[in-house]
Amino acid sequence: MTTEALPRSTQQQAVSAVVQVVLLGALSAGAGLGPVGWLAAIGYTVGLGGLLTAAVRRAGVSTLGPADLVTLARAVLVGGVTALIADGLWDGDTAVAPLVLMATVALVLDAVDGQVARRSGTASALGARFDMEVDAFLVLVLSVHVAALAGPWVLAIGVMRYAFVAASWIAPWMRSPLPTRYSAKAVAAVQGIVLVVAASEILPLPLAVALVATALALLLWSFGRDVVWLWRNDSRP
């Protein structure tokens, strides 16, 4: 099959995979990324490609829009963060500076893709879901890193959304669409920011622990409010 015969979205993902490898090469040269980090990032890239390809097919589109490409760039950065964290867990020495830099850029770009979607008129359910999943995975891997510094309880921040999704498989009433709440978006944004600050180790550990604990409390409140709303508004017979 020639390159021209491939769907545009497949070509876009192939380019992102090449960029991911280039980024890993740069991290190997500049941050001493080892084989464990490479394996983690390659597994992440393969998983991302499979899930995104399936989502594109379900959505019935052949190309990723401009906002989706911004999200795809963020996903590449998350792959780099994943590689560094996995490598650090293996050898006990995480390259903090590039980790914080990539995570910060990924968070900043999170404010860009939504604006691009609105201004270009290309907002879609696929793009919104892609953006949300990249956010969730970044928070998950950051929580793994911070948990190694502050304690395993920090993992609750990373697994909260996945636990919510798992619960919805058991309780159908939790699958209903939730109303748009800017407070929920703000709480979600706080998680990434707080975890990056804690990961940077610029704060004394007690202060970092207090900050992360506050973020977790806000997240519990936000998810708890959603669960209560879903329960009270269950319209099933």
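As a reminder, the structure under discussion sits directly above these lines.
Residues numbered from 1 in each chain as written. Predicted model: local features only at pLDDT ≥ 70, side-chain atom pairs only at ≥ 80, totals over all residues. Heavy atoms only, no water.

### Details of the overall build of the protein
So the rule is basically this: Secondary structure elements follow DSSP: runs of H or I of four or more residues count as helices, runs of E of two or more count as strands, with numbering from the N terminus. Radius of gyration here uses only the C-alpha atoms, and the compact-globule reference equals 2.2 Å multiplied by the residue count raised to the power 0.38. Think of it in three bands: with a 1.4 Å probe and only protein chains considered, a residue is buried below 20% of the maximum accessible area for its type, exposed above 50%, and partly exposed in between. By definition in these notes, contact holds between two residues if any of their heavy atoms fall within 4.5 Å. For every accessible area listed, the method is Shrake-Rupley and the probe measures 1.4 Å; residues are considered covered only by the protein chains on display.
Helix and strand counts for the protein stand at eight helices and zero strands. Listing the helices and strands of the protein from first to last along the sequence gives α-α-α-α-α-α-α-α. The C-alpha atoms of the protein give 19 Å as radius of gyration, which agrees with the globular expectation for 237 residues (18 Å, within 12%). On the principal axes, the C-alpha backbone points of the protein span a range of 55 × 50 × 35 Å. Expressed as a percentage of its 237 residues, the buried residues of the protein come to 40%. In the protein, of all internal contacts separated by at least 6 residues, the share reaching a separation of at least 24 is 79%. Of the roughly 12,500 Å² of accessible surface on the protein, a fraction of 70% belongs to carbon and sulfur atoms.

### Comments concerning the pattern of salt bridges
In plain terms, the rule: Each reported salt bridge corresponds to a side-chain nitrogen of Lys or Arg within 4 Å of a carboxyl oxygen of Asp or Glu.
In the structure shown here, the tally under the stated rule is seven salt bridges. R74 serves as the salt-bridge partner of D131, at 2.7 Å between the closest nitrogen and oxygen. In this pair, D131 is assigned in helix α5 (residues 125-150) and R74 in helix α3 (residues 66-91), connecting sequence segments 57 residues apart. When salt bridges that share partners are traced, they join R74, D110, D113, D131 and D135 into one network.

### What to know about the side chain of T94
Locating T94 in the fold gives a position in the loop between α3 and α4 (96-120). Given the relative accessible area of 18%, T94 is considered buried. Aside from chain neighbours lying at most four places away, what touches T94 is L84, G88, L99 and H145.

### Concerning the environment of V134
For V134, the position within the fold is in helix α5. When the C-alpha atoms of V134 and S222 are compared, they prove to be 19 Å apart, with 88 residues separating the residues in sequence. In this structure, V134 is in contact with T71, R74, A75 and V78, ignoring residues within four places of it in sequence.

### Digging into the nonpolar core
For clarity, the cut-off: Joining through side-chain atoms within 4.5 Å is the link that ties buried Ala, Val, Leu, Ile, Met, Phe, Trp, Tyr and Cys residues into a set, and such a set is a nonpolar core.
Counting 55 residues, the largest nonpolar core has V81, L99, L138 and L142 as its most contacted members. For this core, the secondary-structure elements that each account for two or more residues are α1 (8-31), α2 (35-59), α3, α4, α5, α6 (155-170), α7 (182-200) and α8 (205-232). When neighbours within four sequence positions are excluded, V81 is seen to be in contact with L99, M102, A103, L138, V141 and L142.

### Examining α3
Selection criterion: Take the number of residues in a helix, subtract one, and multiply by 1.5 Å to get its expected span.
Over its 26 residues, α3 runs 38 Å from end to end, which matches the ideal 38 Å to within 8%, given 1.5 Å per residue. In terms of burial, α3 is a largely internal element, 20 of the 26 residues being buried. Backbone geometry just after α3 places G92 at a positive phi near 75°.

### Points about unusual backbone geometry
Peptide bonds are trans in most cases, and residues, glycine excluded, mostly fall at negative phi. Residue E201 is not a glycine yet carries a positive backbone phi of 60°. Mapping E201 onto the fold places it in the loop between α7 and α8.

### Here's the deal with the packing of aromatic side chains
Applied cut-off: Here a pair means two rings of Phe, Tyr or Trp (six-membered ring of Trp) with centres within 6.5 Å. Their orientation is stacked below 30 degrees between planes, edge-to-face above 60, and tilted elsewhere. Placement of a positive charge over a ring is assigned whenever Lys NZ or Arg CZ falls within 6 Å of the ring centre and within 35 degrees of the normal to the ring plane.
Evaluated as defined, the whole model comprises three aromatic pairs. Measuring from centroid to centroid gives 5.6 Å for F164 and F223, while their planes differ by 55°, and the two rings are tilted. Here F164, found in helix α6, pairs with F223, found in helix α8; they are 59 residues apart in sequence, far enough to count as distant. On the accessibility criterion, F164 (15% relative accessible area) is buried. Positioned above the aromatic ring of Y162, the side-chain terminus of R161 is 5.9 Å from the ring centre.

### Remarks on the environment of D110
With respect to the helices and strands, D110 occurs in helix α4. You can call D110 partly exposed: its relative accessible area is 27%. Residues D110 and D131 lie 21 residues apart in sequence; the distance between their C-alpha atoms is 7.7 Å. With residues up to four places along the chain from it excluded, the contact list for D110 reads R74, D131 and D135.

### Notes on the side chain of S16
Formally: Think of a polar contact as two N or O atoms within 3.5 Å of one another; within protein, one of them needs to be a possible hydrogen donor and the other a possible acceptor, and neighboring residues in sequence only count if both atoms come from side chains.
Mapped onto the fold, S16 is located in helix α1. Classification of S16 as buried rests on a relative accessible area of 13%. In terms of polar contacts, S16 uses its side chain to reach the backbone carbonyl oxygen of Q13, at 2.7 Å. Ignoring sequence-local partners within four residues, the contact set of S16 consists of L72 and V76.

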